[in-house]
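Summary of the model geometry
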Amino acid sequence: MSERSPWVGDLIHDEDADRRGIVTDVRGGAVWVLRPEAGPGLWTSEHPEPLTVVESRQS
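Everything in this summary refers to the structure shown in the same document.

Cut-offs used in this document
- Residues numbered from 1 in each chain as written.
- Predicted model: local features only at pLDDT ≥ 70, side-chain atom pairs only at ≥ 80, totals over all residues.
- Heavy atoms only, no water.
- Pairing = 2+ DSSP bridges.
- Helix = DSSP H or I, 4+ residues; strand = E, 2+ residues; numbered from the N terminus.
- Salt bridge = Lys/Arg side-chain N within 4 Å of Asp/Glu carboxyl O.
- Buried < 20%, exposed > 50% of the residue type's maximum accessible area, 1.4 Å probe, protein only.

**So, the pairing of strand S3 (residues 31-36)**
It is a general feature of regular strands that their side chains alternate between the two faces of the sheet. Pairing geometry for strand S2 (residues 19-27) and S3, over six bridges, is antiparallel. Within S3, the position partnered with Ile 22 by the bridge is Arg 35. The hairpin formed by S2 and S3 contains three residues between the paired strands, and Gly 28 there has a positive phi angle of roughly 60°. Pairing of S3 with strand S4 (residues 43-45) involves three bridges; the strand directions are antiparallel. Counterpart to Val 33 in the pairing with S4 is Thr 44. The hairpin formed by S3 and S4 contains six residues between the paired strands, and Gly 39 there has a positive phi angle of roughly 90°.

**Let's talk about the pattern of salt bridges**
Enumeration according to the criterion identifies two salt bridges in this entry. Here Glu 37 and Arg 20 are joined by a salt bridge, their closest N and O atoms 3.3 Å apart. Taken together, the positions of Glu 37 in the loop between S3 and S4 and Arg 20 in strand S2 put the pair 17 residues apart, joining distant regions of the chain. Taking the relative accessible area as the measure of exposure, Arg 20 reaches 37% and is therefore partly exposed. With a shortest N-O distance of 3.4 Å, Asp 25 and Arg 27 are connected by a salt bridge. Residue Asp 25 is classed as partly exposed on the basis of its relative accessible area, which comes to 31%.

The following block contains the structure:
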């Protein structure tokens, strides 16, 4: 796992929501928009601290 901040395309684990997802947008550098690995839906996070990069888009 990586220690860098999550960015668009990264697979993350959201500790607050206790689920994994993919970053789809970072609005204003302050709101991370996430979608599940599979299936519909979106959720947001205003804090990057609980978002752990599982696999970066670059991998």
